[in-house]
Amino acid sequence: MRRIFVGDFRIGEEEKRAVNEVLDSGRISEGAKVREFEKTFAKYIGTRYAVAVSSGTAALMAGMVAMIYHEGINVKRGTKVITTPLTYIATSNALVTTGFDPVYVDVDPHTFVITPETIKQHLDSVHDIDRYSFILPVHLMGYPCDMDEINKIAKRYGFVTFEDSAQAHGTVYKGKKTGSLSLLSSFSFYIAHNIQAGEMGIVVTNDAKMARIIKKIKAHGRMCDCPICRRSQGKCPRLRSYKGEDDFEPRFTHELIGYNFKTMEFQAALGITQMKRADWITERRRENVKYLNEGLKVLSDVLQLPKFIDTVSYLAYPIVIKDPRRLSRKTLRQELEERGIETRPLFGCIPTQQPAYSHLKKEYEGKLPNADYLGKNAFYVGCHQYLKEEDLEYIVKTFKDVIGK
Ligand SMILES: Cc1ncc(COP(=O)(O)O)c(C=O)c1O
């Protein structure tokens, strides 16, 4: 039976060579490959700085903690953060585990992201506005949030914005890449994403101080933050500038409280091979979405097909059941899986549908109708770059067979 996965990663000769090069170099922990990947990715997104970390979740957490330590930014632990209820759980978990209080506003039913209207509506209605500190939009499935308007709202209230771009490598919004539109942004290179490296994440920013703080946070807040360590050449700027104890060692002197979020040379080496194909990957996925939309349009009385936008970098092919009384998501997913087409739910509405957040269920019940609906009735299948025309044809045919058209 044909198998259509949500994502795929091909390890070819170039990938093998890249990993072997790392092994031959004798250094597997962070070094030159990680620095090269950071430079390449910052250039691709269009930001001045990029700091690689161990995962997309680590990127969110490092960025959040860095904001707390950044004196020029008014973000305090314990404050409220406007975010989306419809996302992979990492977005909310990162907030909660770094000491923030997520506040969820509803999403657009066609692009699945929070909107300036839902944000404004919420902020206009609250009486504790001074308890809010930043906005954390997620460009879900590659669809960009309306960052110009969201940034305007943030500015009006004195908040900063932090884009979770884990699902939007290469999406363009008004001529700029998502991830370059706010104070800082995070990406994931987990295997299911458009640029893959097994595991790994990155934070991008134009703020030099922010980048330096994130570098420290990812290494337990240690004083070292040189781009390349030069101790082996007898040079350590930190050591020279330090006027305190004689026996000072910057690698083991910690000025902030952080984590170990460092990554490895292997992942960066794989990431570099992927970056060479970034535009091709985006283009292939976009073409596949177009093809599937054309093939499946006869089913548009029962399925809401993904909105096609020629500047979106699609993470997958999201579908919404129009009337669950006529066609249930559970049955459709089951039938597709039985015929070899992998499916995944569109994450579930965090405060009302995720057990880990059941303490919020009462507070949010009935307040997030779009996210609630999508959480129960939306799912996605693959549109990845390795799908061939016969795979796409198979998807179209299978949907038609199962739905009975
Ligand atoms: C929107 C979003 N944010 C954050 C993450 C976390 O990334 P990672 O799995 O690399 O920790 C993901 C992962 O899928 C994601 O989809």
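Up top you'll find the structure we're talking about.
In this report, the structure presented in the accompanying data block is examined. Computed from a prediction, not measured in an experiment: that's the story for all the values here.

How each quantity is defined
- Residues numbered from 1 in each chain as written.
- Predicted model: local features only at pLDDT ≥ 70, side-chain atom pairs only at ≥ 80, totals over all residues.
- Heavy atoms only, no water.
- Pairing = 2+ DSSP bridges.
- Helix = DSSP H or I, 4+ residues; strand = E, 2+ residues; numbered from the N terminus.
- Contact = heavy atoms within 4.5 Å.
- Axes fitted to C-alpha atoms, helices over the stretch in contact; angles between N-to-C directions.
- Core = buried A, V, L, I, M, F, W, Y, C linked by side-chain atoms within 4.5 Å.
- Buried < 20%, exposed > 50% of the residue type's maximum accessible area, 1.4 Å probe, protein only.
- 1 Å grid on protein atoms, 1.4 Å probe; cavity = no way out; pocket = protein on both sides within 12 Å on 5 of 7 lines; lining within 4 Å.
- Points joined across faces, edges and corners; volume = space filled by probe spheres on them.
- Nonpolar A, V, L, I, M, F, W, Y, C, P; charged D, E, K, R; others polar.
- Expected span 1.5 Å × (residues − 1).
- Arc of directions from axis to C-beta.
- Salt bridge = Lys/Arg side-chain N within 4 Å of Asp/Glu carboxyl O.

Some words on the sheet that holds strand E12 (residues 344–345)
Backbone hydrogen bonds are what pair the strands of a sheet, in a parallel or an antiparallel way.
So, point 1. Spatial strand order, E10-E11-E13-E12: four strands in an open sheet with antiparallel pairing. Sheet topology places strand E10 (303–304) and E12 at the edges, where each strand pairs with a single neighbour.
So, point 2. Of the pairings in the sheet, the one linking E10 to strand E11 (residues 317–321) comprises two bridges and is antiparallel in character. Considered in E11, the bridge of Gln304 is made with Val320.
So, point 3. Its contacts with the sheet put helix H14 (residues 369–377) on E11 and strand E13 (378–381), and the angle it makes with E11 is roughly 105°.

Side note on the nonpolar core
So, point 1. The biggest cluster of nonpolar side chains holds 68 residues, and the ones touching the most others in it are Met141, Leu303 and Phe399.
So, point 2. Ranked by residue count, the leading element in this core is helix H15 (residues 389–403), at five residues.
So, point 3. The residues contacting Leu303, other than those within four sequence positions of it, are Ile319, Val320, Ile321, Lys322, Leu327, Leu332, Phe399 and Ile403.

Describing the layout of surface pockets
Left-over empty space is what a probe sized like a water molecule reveals as it rolls over the atoms.
So, point 1. In this model, the largest pocket occupies a volume close to 630 Å³.
So, point 2. For the largest pocket, the lining is made up of 28 residues, of which Arg27, Glu30, Arg35, Arg222 and Cys229 are closest to its centre.
So, point 3. Class assignment of the residues belonging to the lining of the largest pocket gives a composition of 10 nonpolar, five polar and 13 charged.

With respect to unusual backbone geometry
Of all residues except glycine, most have a negative phi; of all peptide bonds, most are trans.
So, point 1. Of note in the backbone geometry, His220 takes a positive phi value of approximately 55° without being a glycine.
So, point 2. Structurally, the position occupied by His220 is in the loop between helix H7 (208–217) and helix H8 (237–241).
So, point 3. In this structure, Phe347 takes a positive phi of about 75° despite not being glycine.
So, point 4. Considering the arrangement of structural elements, one finds Phe347 in the loop between E12 and helix H12 (350–353).

Observations concerning H15
So, point 1. The end-to-end C-alpha distance of H15, which contains 15 residues, comes to 21 Å, matching closely the 21 Å that a straight helix rising 1.5 Å per residue would cover.
So, point 2. Among the residues making up H15, those that are buried are Asp391, Leu392, Ile395, Val396, Thr398, Phe399 and Ile403. Along the long axis of H15, the arc covered by the buried residues comes to 160°, so they all point the same way.
So, point 3. Those residues of H15 that are buried lie in contact with helix H10 (278–296), E10, E11, helix H11 (329–338) and E13.
So, point 4. Looking one or two places after H15, you find Gly404, whose phi comes out positive at around 85°.

Describing the pairing of strand E1 (residues 49–53)
So, point 1. Taken across its five residues, E1 has four buried, putting it largely inside the fold.
So, point 2. Bridge analysis of E1 against strand E9 (residues 201–205) gives five bridges, and the strand direction is antiparallel. Counterpart to Ala50 in the pairing with E9 is Val204.

What to know about the sheet that holds E1
So, point 1. Taken in spatial order, the seven strands of this open sheet run E1-E9-E8-E5-E4-E2-E3, and their pairing is mixed. Strands with a single pairing partner mark the edges of an open sheet, and in this sheet they are E1 and strand E3 (101–104). Looking at each pair of strands side by side, their axes are set apart by 25° on average, direction ignored.
So, point 2. Here two bridges tie strand E4 (residues 132–136) to strand E5 (residues 160–164), and the two strands are oriented parallel to one another. Paired with Ile135 across the two strands is Thr161, which belongs to E5.

Description of the pattern of salt bridges
So, point 1. Under the criterion given, the structure shown has 28 salt bridges.
So, point 2. A salt bridge links Glu36 to Lys33; the shortest N-O distance between them is 4.0 Å. Of the two residues, Glu36 and Lys33 are both situated in helix H2 (residues 32–45); the distance of three residues between them amounts to about one turn of the helix.
So, point 3. Residue class for Glu36 comes out partly exposed when judged on its relative accessible area of 36%.
So, point 4. Measuring nitrogen to oxygen at the nearest pair gives 3.2 Å for the salt bridge that ties Asp148 to Lys174. Taken together, the residues Asp148 in helix H6 (residues 147–157) and Lys174 in the loop between strand E6 (172–173) and strand E7 (176–177) connect sequence positions 26 residues apart.
So, point 5. Among the residues examined, Asp148 registers a relative accessible area of 34% and is labelled partly exposed.

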